Amino acid sequence: MIKLNEHYLKLSANYLFSEIAKRVRAFQEAHPEKEIIRLGIGDVTRALPKACIEAFHAAVDEMGEDATFKGYGPDYGYDFLREKIARDDYQSRGADIALDEIFISDGAKSDTANIQEIFAHDIKVAIPDPVYPVYIDTNVMAGRTGDPEDGRYQGIVYLEGTKANGFIPDLPGEPVDLIYLCFPNNPTGAVITREALKRWVDYARENKALIIYDAAYEAFLRDESLPHSIYEIEGATEVAIESRSFSKTAGFTGTRCAYTVVPKACTAFDSKGGRQSLHPLWSRRMSTKFNGVSYPVQRAAEAVYSREGKLQVRALTDAYMANAGLIRQAMNGLGFDCVGGINSPYIWVDCRMDSWEFFELLLTRAGVVTTPGAGFGRCGQGFIRISAFNKRENVEKAMARIQQTLGG
Ligand SMILES: *Cc1c(COP(=O)(O)O)cnc(C)c1O
């Protein structure tokens, strides 16, 4: 008899985006004349940078000639891309990361989802609340949790983000082994200072723990005092794995390219208490279960590091950041406290009422779609996330409508 992985049955159905879609559809059907502006989704809206498209096209042409055709690429990604990542994303910022510590993949989602399989089953996992749901759900699938109760899984240590701590969770009050952190944060837009990140790195070192650092929104950092990588913190190469993505950086959500850094110094413990390097495990995992990102996509990603590419990526992210500024200003002007929107494309608004109630109010009275914070965890209740990923004219129109609705 074929049996299923019953841990999947513990997963709470992902109500959030389907529920939003359902409510938006119902409203649109009842009011077909109303134009709805979507500031809910965490997906980019602007085209790929020109430098990426040119490199993409040229690489596609190479695939069309026997002389330049490429079959399976290297398991860990082409060196032409890994070399530029090591140089420009790490070494230039004083982070000691080498080319062969970088693993090119099809997404930070898959990497942050898959990484847990190189750790033991009985580790204690600490996950922020509110959170990008992938970290929790993949640990549920792997059987590291009990059943859900009141929206939380037994066995997980929840790291609470609140208004009081500025959505930078405090260190756990009990020993944990694996810690997920994401900065700039989705959904809250919060950023972490060097000092606060150092506390986490020190905690991991002292407690033989490991940090998964999701830096998918690194390209939106503007304040130069903030760390772009966890490896800018001394000692982090021994206790942290970092994932980044070209998705939000350069509009690759539909193109697919990301990478994960597993430093050779990074270790975990075997059952006898011996320290073992994680690099060979992740190498083995990638070569066994993954066959690489397509050659043209890696060439397109490489172009992000060219002179023109850097300018174009900056212009692309600047345009979203200008939207974020408009949103933050408008919401502050209406008297709402906000987090984010300064070094991140998300604005996390204290709506002073139930998340879904405020979502409904903005949808039905202003025709603007946002994301109810309660969908990202218990601590998200009372907040909504507004995304800066849209055209400027839509953002302006949306904010004008919200001002009209709530401005009195
Ligand atoms: C968008 C996003 C990613 C990127 O995922 P890809 O699979 O690379 O597109 C990763 N982490 C967070 C928190 C995100 O919001």
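The rules we used
Residues numbered from 1 in each chain as written. Predicted model: local features only at pLDDT ≥ 70, side-chain atom pairs only at ≥ 80, totals over all residues. Heavy atoms only, no water. Core = buried A, V, L, I, M, F, W, Y, C linked by side-chain atoms within 4.5 Å. Buried < 20%, exposed > 50% of the residue type's maximum accessible area, 1.4 Å probe, protein only. Helix = DSSP H or I, 4+ residues; strand = E, 2+ residues; numbered from the N terminus. Domains from an automatic or database assignment. Contact = heavy atoms within 4.5 Å. Pairing = 2+ DSSP bridges. Phe/Tyr/Trp six-rings, centres within 6.5 Å; stacked < 30°, edge-to-face > 60°. Lys NZ or Arg CZ within 6 Å of the ring centre and 35° of its normal. Buried area = accessible area lost by both parts, 1.4 Å probe. Salt bridge = Lys/Arg side-chain N within 4 Å of Asp/Glu carboxyl O. Polar contact = N/O pair within 3.5 Å; in protein donor to acceptor, adjacent residues only side chain to side chain. Arc of directions from axis to C-beta. Axes fitted to C-alpha atoms, helices over the stretch in contact; angles between N-to-C directions. Parallel < 35°, antiparallel > 145°, perpendicular 65-115°, else oblique. Left-handed = near helix turned anticlockwise from the far one by under 90°. Nonpolar A, V, L, I, M, F, W, Y, C, P; charged D, E, K, R; others polar. Disulfide = S-S within 2.5 Å.

J.: Help me understand the nonpolar core, please; the structure alone is not making it clear to me.
T.: Core analysis: the biggest nonpolar cluster contains 95 residues, and Phe 119, Ile 179, Ile 211, Phe 246 and Phe 252 have the highest contact counts within it. It is helix 6 (residues 194–206) that contributes the most residues to this core, six residues altogether. Counting contributing residues per domain, this core is built from domain 1 (10–47 + 308–407) and domain 2 (53–306), each supplying no fewer than three. Apart from residues no more than four positions distant in its own chain, Ile 179 is found in contact with Ala 126, Leu 159, Trp 200, Tyr 203, Ala 209, Leu 210, Ile 211 and Ile 212. Counting 24 residues, the second largest nonpolar core, distinct from the first, contains Leu 39, Ile 386, Val 395 and Ala 398.

J.: Can you help me understand the pairing of strand 7 (residues 178–182) in this one?
T.: Two faces, one strand: in a regular strand the side chains alternate between the faces of the sheet. Where burial is concerned, most of strand 7 is hidden: five out of the five residues are buried. Burial along strand 7 is two-sided: Leu 178, Tyr 180 and Cys 182 facing one way and Ile 179 and Leu 181 facing the other are all buried. Note that strand 3 (residues 125–129) and strand 7 share two bridges and pair parallel. When the sheet's bridge partners are listed, Ala 126 is paired in strand 7 with Ile 179. In this structure, strand 7 lies alongside strand 8 (residues 210–214), joined through five bridges in parallel fashion. Among the inter-strand pairings, Leu 181 is bridged to a residue of strand 8, identified as Tyr 213.

J.: Sorry, what's going on with the packing of aromatic side chains here?
T.: The geometry of two aromatic rings is summed up by the distance between their centres and the angle between their planes. Taken as a whole, this structure holds 23 aromatic pairs when the rule is applied. With centroids separated by 5.3 Å and ring planes inclined at 70°, the aromatic side chains of Tyr 78 and Tyr 295 adopt a geometry described as edge-to-face. Of this pair, Tyr 78 sits in the loop between helix 2 (50–63) and helix 3 (79–90) while Tyr 295 sits in helix 9 (residues 295–302), and the two are 217 residues apart along the sequence. A single burial state applies to Tyr 78 and to Tyr 295, both of which are buried. Among the aromatic residues, ring-to-ring pairing joins Tyr 90, Tyr 231, Phe 246, Phe 252, Tyr 259 and Tyr 305 into one connected group. Looking at Arg 352, its charged tip hangs above the ring of Phe 336, at a distance of 4.5 Å from the centre. When the ring centre of Tyr 346 is taken as reference, the NZ or CZ atom of Arg 385 above it lies at 4.3 Å.

J.: Quick question: what am I supposed to make of the domain arrangement of the protein here?
T.: As a measure of interface size, the accessible area lost when the parts come together is often cited. The domains assigned to the protein are domain 1 (10–47 + 308–407) and domain 2 (53–306). On the domain 2 side, the residues contacting the 34 residues of domain 1 number 45 residues. In this assembly, domain 1 packs against domain 2 so that about 3,200 Å² is buried in total across both faces, 58% of it on carbon and sulfur atoms. Among the residues domain 1 hides against domain 2, the three largest losses belong to Lys 10, Asn 343 and Cys 379. Together they make up 23% of the total. Seen at the junction of domain 1 and domain 2, the total is four salt bridges. We note a salt bridge from Asp 337 to Lys 163, for which the minimum N-O separation is 2.9 Å. One can count 21 residue pairs in polar contact (both at pLDDT 80 or more) joining domain 1 with domain 2. At the level of elements, helix 10 (307–333), strand 13 (338–340), strand 14 (346–350) and strand 17 (383–387) are the ones that each hand at least two residues to the side of domain 1 that touches domain 2. When residues in the side of domain 1 that touches domain 2 are grouped by element, the largest group, ten residues, is from helix 10.

J.: Would you mind showing me how to read helix 8 (residues 279–289) here?
T.: One full turn of an α-helix is made of 3.6 residues, so residues set three or four places apart face in the same direction. All of the buried residues in helix 8 are His 279, Trp 282, Ser 283, Arg 285 and Met 286. Buried residues of helix 8 fall within an arc of 165° about the axis and therefore sit on the same side. Residues of helix 8 that are exposed and point over 90 degrees away from its buried face: Arg 284, Thr 288 and Lys 289.

J.: Where do I start with the packing of helix 3 against helix 9 in this structure?
T.: The geometry of helix 3 relative to helix 9 is characterised by a closest axis approach of 9 Å and an angle of 25° between their N-to-C directions. Considering their axes alone, helix 3 and helix 9 lie roughly parallel with respect to each other. Judged by the sense of rotation from one axis to the other, the crossing of helix 3 with helix 9 is left-handed. Residues Phe 80, Leu 81 and Lys 84 of helix 3 form the contact with helix 9, whose participating residues are Tyr 295, Gln 298, Arg 299, Ala 301 and Glu 302. Partitioned by chemical class, the residues of the contact of helix 3 with helix 9 number four nonpolar, one polar and three charged.

J.: Explain the state of the cysteines here, please?
T.: Simply put, the disulfide is a covalent bond whose two ends are the sulfur atoms of two cysteines. Within this structure, the stated rule accounts for zero disulfides. Left without a disulfide partner, Cys 52 is nearest to the cysteine sulfur of Cys 257, which lies 10 Å away. Residue Cys 52 is classed as buried on the basis of its relative accessible area of 0%. There is no disulfide at Cys 351, and the cysteine sulfur nearest it, in Cys 338, is 10 Å away. Take Cys 351: its relative accessible area is 2%, and that puts it in the buried class.

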